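# Structure assessment
The residues making up each chain are set out below.
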Amino acid sequence: MLEIRDLYAAVDGKTILKGITLTVNPGEVHAIMGPNGSGKSTLANILAGREGYRVESGSITWFGRDLTALPPEERAREGIFLAFQYPVEIPGVSNLYFLKAALNARRKHRGEPELDAMDFLALVKGKMADVGMDEAFLYRAVNEGFSGGEKKRNEILQMAVLEPTLAILDETDSGLDIDALKAVAAGVNRLRAPDRSIVLVTHYQRLLDHVVPDQVHVLAQGRIVKSGGRELALELEQRGYGWIEQEVAHEPLL
Amino acid sequence: MSLSFESRPAYLPYREAFDQTGRLWDDAPAWVAARREEAWNRFSAVGFPSPRDEEWKYTPTSAIEQTAFRPAPETLLVLRQVEPFIPFGFSGPVAVFVNGRLQPALSRLGGLPEGATLVGLHSALALWPEELEPNLMRLAADEDNPFAALNGALAEDGAYLRLRQGIELDQPVLLLHLTAGNHVPVMAHLRHLVVAEAGSRVTLLARQASLGDGVHFVDTLTEVAVGEGAAVDYLKLQEESPRAYPLAQLRARVEKDGRFSSRIFSFGGQLAREDVHVELAGSGASCQLDGLYLADGHQHTDTHTRIDHRVPATSSRQTYKGIVAGRARAVFKGRVLVERDAQQADARQANHNLLLSPEAEIDTTPQLEIYADDVKCSHGATVGQLDEKQVFYLRSRGLDDAAARAALTYAFAAGAMEGAIPCVREAVAATLLERLPGGELAREFFHEF
């Protein structure tokens, strides 16, 4: 459903991605790992359509359509969800209104009836229980004054409510204690379904103890330099990223 | 060298209005006539503010001067026309003014507990002249604002609200002013006096609006005396038509341990100005001045505040927010004066502005004048646009760009409504959603919980 072909992309005029090719099929979980600065977050943001992130060449297709032609809100309504590495605070906008507007935008797009307040509350309260969030968070402004862990849980809550077709988690696991990490992992595992896919962007292997990926890709210097199964993540955990970068350095660049 | 006001074309209609209005005050005590005369003399000596006047540098009033305003005619309205302006759920006393004059038949002046009085100014002067004498046109006698002088000279009517010692009103009091008239430019001048004696407490809600979209000039002045340990909270919603010229002055003097607050929502008018001047006259006196102004299209909105810390141990807080869109312009000037004796003064001021278009303009000037050496004073002003990171976050969840911007704009404004009485908050929110760029989308976003 997602096809990335020889993608070159730049942030603020600087080329970061240098020829990414990746296919994500329905039901798969892919982990994208790599050292800092390898382009992991750029890839995640390019998929979400963030301004300032520009495709220079190559293609991204979503169920056969050119994804790059869609504005971010269209991508969201089409079922692409990015859990942000640094979720922003939005004073004055409560989680309740925000989640309801987001869900109804997606439902409307799919030709489903919008949920009214009662049905929405019932749905969101159930999802909050799943994620382990207190209902009080519904009435607080989006992420405002939330701890790091609470912000990440809030991303997982949004993901659970919106039930995306493709969820991309941009280092959602970083900086979390073990309880929050488990909550994030459980949220991802609950989402797993034959028609849904997940891309986990992560620096560390530990999330992959709880969410078992089908494929692991290592990104270095803007390219996928190695792909493999779960064992590749374990190898990276033991050996670090240094050996990969050295291998890349010795390969001739095309 | 500019011509003196008396030789300018605008002079005569105002002189006529002064003579005409004088007849309304025939029955009033002699000191009223003397103070009107004094005010007229001050106005006719200076005339309308000139662009060289520092206080009016960014707010030219030549459009007012050049429009031939006539005193607004007496207009009778029916209750049905007034009811939409009484906030839903509001059951307190109401004084309704139409075109500058009290309409007893549309008002609910009675029903206040003993010790609290709400009447028209003319009745008050007939009943208790000696009670009004120390305050009326005295709390705001020294204003150098020409419109204060003009108001003193041309005011036709107003409300007198008085609370005896220790009287606490649980229900807010509503002062409603409507200006009607579509055919010729009209003007109305209104003057309210509020006297809260020691230990009393009251919340005042002032609302002013236009019926129809005529061109009118509304000049309002409110004098407030806050007695020892008394508390007065003043809330105002200005929602005149975009063709009106609403100018208002609020002047309060706060005695020992008294507390005054104002919260002004200024949304209407092609040229709107709010002058708030508070004198902290007794130790322990405090004030909190907040507001939200909105200007879109070709509107011009101006807020000038001034707080005088005159004695030791006084405190003031100010938070003003502004939203400026289209080709509109907003002006904020916040002046805090700490006199030599006012040690331990504690003053904080903040002014935050949201600019929604490249043609919109804001001029914000904090001005601290401190003559004491043991004080805590701070001020901060910001002018910015919507945070693109927030816009993207909302879009990444499926909201379109316009809806995301509308929701964020409303959220910025909504902070200024926090803590207001629920029925007032609802009335303000309704007007805000009507007038805010993208208000329809924000209404959709925020409806239903």
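Please read these numbers as outputs of a predicted model, since none were measured by experiment. (Residues numbered from 1 in each chain as written. Chains lettered and ligands numbered in written order. Predicted model: local features only at pLDDT ≥ 70, side-chain atom pairs only at ≥ 80, totals over all residues. Heavy atoms only, no water.)

## With respect to the overall build of chain A
Selection criterion: Secondary structure follows DSSP: runs of H or I at least 4 residues long count as helices, runs of E at least 2 residues long count as strands, and numbering of each begins at the N terminus. C-alpha atoms define the radius of gyration, and 2.2 Å times the number of residues to the power 0.38 defines the globule rule. Each residue is placed in one exposure class: buried if its accessible area under a 1.4 Å probe, protein chains only, is under 20% of its type's maximum, exposed if it is over 50%, and partly exposed if it falls in between. Contact criterion: two residues are considered in contact whenever any of their non-hydrogen atoms come within 4.5 Å of each other. Only the protein chains shown count as cover for residues, with accessible areas throughout obtained via the Shrake-Rupley method and a probe of 1.4 Å. Charge convention: Lys and Arg are scored as positive, Asp and Glu as negative, and His as well as the terminal groups of each chain are ignored. The location of each charge is read from NZ of Lys, CZ of Arg, CG of Asp or CD of Glu.
Across its full length, chain A holds 8 helices and 12 strands. By the compact-globule yardstick of 18 Å for 254 residues, chain A fits well, its C-alpha radius of gyration being 18 Å. Along the three orthogonal principal directions, the C-alpha set of chain A runs to about 60 × 40 × 35 Å. Taken across its 254 residues, chain A has 56% of its residues classed as buried. Long-range contacts, defined as pairs at least 24 residues apart, comprise 67% of the intrachain contacts of chain A with a sequence gap of at least 6. Accessible area for chain A stands at about 10,600 Å²; split by element, carbon and sulfur atoms hold 49% of it. Where the 29 positive side-chain charges of chain A centre and where its 36 negative ones centre are 1 Å apart.

## Quick word on the sheet that holds strand β6 (residues 173-180) of chain B
Sheets are built from strands that pair by backbone hydrogen bonding, the pairs being arranged parallel or antiparallel. Residue and element names in this part refer to chain B. Note the following rule: We call two strands paired when DSSP finds no fewer than two bridges between them. In this analysis, axes come from line fits to C-alpha atoms, helices being fitted only over the stretch in contact, and the angle between any two N-to-C directions falls in the range 0 to 180 degrees.
Spatial strand order, β3-β2-β6-β8-β10-β12-β14-β16-β18-β20: 10 strands in an open sheet with mixed pairing. The two strands at the open ends of the sheet, each matched to only one other strand, are β3 (101-102) and β20 (376-384). Pairing analysis gives 8 bridges linking β6 to strand β8 (residues 201-211), with the strands arranged parallel. Residue pairing in the sheet places Leu176 in a bridge with Arg207 of β8. Against the sheet, helix α10 (residues 422-435) touches β8, β10 (231-239), β12 (259-266) and β14 (286-295), its axis set at about 25° to β10.

## Side note on the domain arrangement of chain B
All names here are of chain B. Heads up, the condition is: For the domains described, the bounds stem from an automatic or database domain assignment. By buried area we mean how much accessible surface two parts lose on assembly, using a 1.4 Å probe and totalling the loss over both. Any carboxyl oxygen of Asp or Glu that lies within 4 Å of a side-chain nitrogen of Lys or Arg is treated as forming a salt bridge with it.
Assigned domains within chain B: domain 1 (5-282) and domain 2 (391-449). Distance from the C-alpha centre of domain 1 to the C-alpha centre of domain 2: 31 Å. The partner domain 2 presents 13 residues to the 15 residues of domain 1 that form the contact. Where domain 1 abuts domain 2, roughly 1,100 Å² becomes buried across the two surfaces, and 70% of that area is made up of carbon and sulfur atoms. It is Arg263, Phe265 and Phe267 that lose the most area in domain 1 upon contact with domain 2, and together they represent 43% of the buried surface on that side. Linking domain 1 to domain 2 there are 0 salt bridges.

## Section: the packing of aromatic side chains
Residues and elements named next belong to chain B. Using the following cut-off: For Phe, Tyr and Trp, rings pair up if their centres lie within 6.5 Å, where Trp contributes its six-membered ring, and each pair is then called stacked (planes under 30 degrees apart), edge-to-face (over 60) or tilted (otherwise).
Taken as a whole and judged by the stated rule, the model has 25 aromatic pairs over all chains. When the ring of Phe43 is compared with that of Phe48, the centres are 5.6 Å apart and the planes differ by 80°; the resulting orientation is edge-to-face. You'll find Phe43 and Phe48 in the same group, each marked buried. Ring geometry for Phe147 against Phe217: centres 6.1 Å apart, planes inclined by 85°, an arrangement best described as edge-to-face. On the criterion of sequence distance, the pair formed by Phe147 in helix α7 (residues 146-154) and Phe217 in strand β9 (residues 216-226) is long-range, its members being 70 residues apart. Across the pair, exposure class does not vary: Phe147 and Phe217 are buried alike. Among the aromatic residues, those joined into a cluster by ring pairs are Phe5, Tyr11, Tyr14, Phe18, Trp40, Phe43, Phe48, Trp56, Phe69, Phe147, Phe217 and Tyr245.

## Some thoughts on the interface of chain B and chain A
Threshold: Residues are grouped as follows: nonpolar covers Ala, Val, Leu, Ile, Met, Phe, Trp, Tyr, Cys and Pro; charged covers Asp, Glu, Lys and Arg; every other residue, Gly included, is treated as polar.
Taken together, the contacts link 20 residues of chain B with 36 residues of chain A. The contact between chain B and chain A buries some 2,500 Å² in all, and 66% of this surface belongs to carbon and sulfur atoms. Our enumeration of links across chain B and chain A arrives at 3 salt bridges. One salt bridge in this structure joins Arg395 of chain B and Glu73 of chain A, with 2.7 Å as the shortest N-O distance. Secondary-structure elements contributing two or more residues to the side of chain B that touches chain A are α8 (388-395), α9 (401-414) and α11 (439-446) of chain B. Of the residues belonging to the side of chain B that touches chain A, the class tally is 10 nonpolar, 4 polar and 6 charged.

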